[in-house]
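Okay, here's what each chain looks like letter by letter:
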Amino acid sequence: EPEVTQTPSHQVTQMGQEVILRCVPISNHLYFYWYRQILGQKVEFLVSFYNNEISEKSEIFDDQFSVERPDGSNFTLKIRSTKLEDSAMYFCASKAPLYNEQFFGPGTRLTVL
Amino acid sequence: RKEVEQDPGPFNVPEGATVAFNCTYSNSASQSFFWYRQDCRKEPKLLMSVYSSGNEDGRFTAQLNRASQYISLLIRDSKLSDSATYLCVATGRGINKFYFGSGTKLNVKP
């Protein structure tokens, strides 16, 4: 069964450093998403991406965040200058055309020290 | 106001019990609704979509009441493996934004 994959599974970084989280969505999906979940809290929407541009973004997704689809398979989330409060699990999700269900990757746990 | 609200639980039930979870959403323009389950430190996994006519998948039944902006999930004949956090999800005005509830924790005990 096709699935969303994410790398790395765990990233540790120093405050102020840039991180790039990588995702490979399911191959025939065209809609891509990033969510985050701070430990013990709910899953929060960050951004949706379709046709090589951002469709929607939340107030969390400020100028420190960017997304890119650099090639036909990868979808990345960049955080330019990490803060302590960026520590969370980051989930990528993808959706097929004409369907509403999103499928989630296993997540990247980001720890900012 | 929270977009999606759920009772956090935990619901502690014996194996074989029937348990129901409820959820309310605040945006009347929400178009699509889902139940996901999340195991500890894992990703949300789609359990089922929720349709206006109600839908059933084995032991699981989901209902949507648009007038009351209310979604429910019924689990019959609970199994130990049903122990998880159940996440209620509503989309925004479009379908490109999912709003998650905080989840309802279910513990099924032998």
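Refer to the structure presented above.
Cut-offs and rules
- Residues numbered from 1 in each chain as written.
- Chains lettered and ligands numbered in written order.
- Predicted model: local features only at pLDDT ≥ 70, side-chain atom pairs only at ≥ 80, totals over all residues.
- Heavy atoms only, no water.
- Helix = DSSP H or I, 4+ residues; strand = E, 2+ residues; numbered from the N terminus.
- Rg over C-alpha atoms; globule rule 2.2 N^0.38 Å.
- Buried < 20%, exposed > 50% of the residue type's maximum accessible area, 1.4 Å probe, protein only.
- Contact = heavy atoms within 4.5 Å.
- Areas by Shrake-Rupley, 256 points an atom, 1.4 Å probe, with all protein chains shown as cover.
- Phe/Tyr/Trp six-rings, centres within 6.5 Å; stacked < 30°, edge-to-face > 60°.
- Lys NZ or Arg CZ within 6 Å of the ring centre and 35° of its normal.
- Buried area = accessible area lost by both parts, 1.4 Å probe.
- Nonpolar A, V, L, I, M, F, W, Y, C, P; charged D, E, K, R; others polar.
- Pairing = 2+ DSSP bridges.
- Axes fitted to C-alpha atoms, helices over the stretch in contact; angles between N-to-C directions.

Focus: the overall build of chain A
Inference 1: When you go through chain A residue by residue, the secondary structure sums to 0 helices and 11 strands.
Inference 2: Along chain A, helices and strands appear, N-terminal first, in the series β-β-β-β-β-β-β-β-β-β-β.
Inference 3: Against the compact-globule benchmark of 13 Å for 113 residues, chain A has a radius of gyration of 13 Å, which places it among compact chains.
Inference 4: The principal-axis extent of the C-alpha atoms belonging to chain A is close to 40 × 25 × 25 Å.

Observations concerning the overall build of chain B
Inference 1: Counting its regular elements, chain B contains 0 helices and 11 strands.
Inference 2: Ordered by position in the sequence, the α and β elements of chain B form the string β-β-β-β-β-β-β-β-β-β-β.
Inference 3: Its C-alpha atoms give chain B a radius of gyration of 13 Å, near enough to 13 Å, the size a compact globule of 110 residues would have.
Inference 4: For the C-alpha atoms alone, the extent of chain B along its principal axes is close to 40 × 30 × 20 Å.
Inference 5: The proportion of buried residues among the 110 residues of chain B is 48%.
Inference 6: By sequence separation, contacts in chain B at least 24 residues apart represent 57% of the contacts at least 6 residues apart.
Inference 7: Total accessible area on chain B is roughly 5,300 Å²; 48% of this is exposed by carbon and sulfur atoms.

Observations regarding the packing of aromatic side chains
Inference 1: One pass over the full model with this rule turns up 20 aromatic pairs over all chains.
Inference 2: Linked through ring pairs, A:Y33, A:Y35, A:F45, A:F91, A:F104, B:F34, B:Y36, B:F98 and B:F100 together constitute an aromatic cluster.
Inference 3: Seen from the ring of A:Y31, A:K95 lies directly overhead, with NZ or CZ sitting 4.0 Å from the centre.

Some thoughts on the interface of chain A and chain B
The extent of an interface is frequently quoted as the accessible surface area lost upon association of the parts.
Inference 1: With 23 residues of chain A at the contact, the number on the chain B side is 19 residues.
Inference 2: When chain A packs against chain B, close to 1,800 Å² is buried across both sides, 54% of that on carbon and sulfur atoms.
Inference 3: It is A:K42, A:N100 and A:F104 in chain A that bury the most area against chain B; as a group they hold 28% of the surface buried on that side.
Inference 4: Taken together, the elements giving at least two residues each to the side of chain A that touches chain B come down to β4 (31-37), β5 (43-50), β6 (53-57), β9 (88-95) and β10 (103-104) of chain A.
Inference 5: The element best represented in the side of chain A that touches chain B is β4(A), accounting for 4 residues.
Inference 6: In the side of chain A that touches chain B, the residues fall into 11 nonpolar, 6 polar and 6 charged.

So, the sheet that holds strand β6 (residues 55-57) of chain B
All names here are of chain B.
Inference 1: One open sheet holds the 5 strands; their spatial order is β1-β3-β8-β7-β6, and the pairing between them is antiparallel. Of all the strands in the sheet, just β1 (4-6) and β6 have a single pairing partner and so form its edges. Between one strand axis and the next, the sheet turns by 20° as a mean value, whatever way the strands run.
Inference 2: Where strand β7 (residues 60-65) lies against strand β8 (residues 70-75), 6 bridges are found, and the strand directions are antiparallel. Residue N65 lies in a different strand from β8, and its bridge partner there is Y70.

Structural notes on the sheet that holds strand β7 (residues 65-68) of chain A
All names here are of chain A.
Inference 1: The 4 strands are arranged β1-β3-β8-β7 in an open sheet whose pairing can be described as antiparallel. Edge positions in the sheet fall to β1 (5-7) and β7, since each of these pairs with one other strand and no more. Strand-to-strand twist in this sheet, taken as the mean axis angle between neighbours without regard to direction, amounts to 20°.
Inference 2: Across 3 bridges, β1 lies against strand β3 (residues 19-24) in antiparallel orientation. By the bridge assignment, T7 is partnered in β3 with R22.

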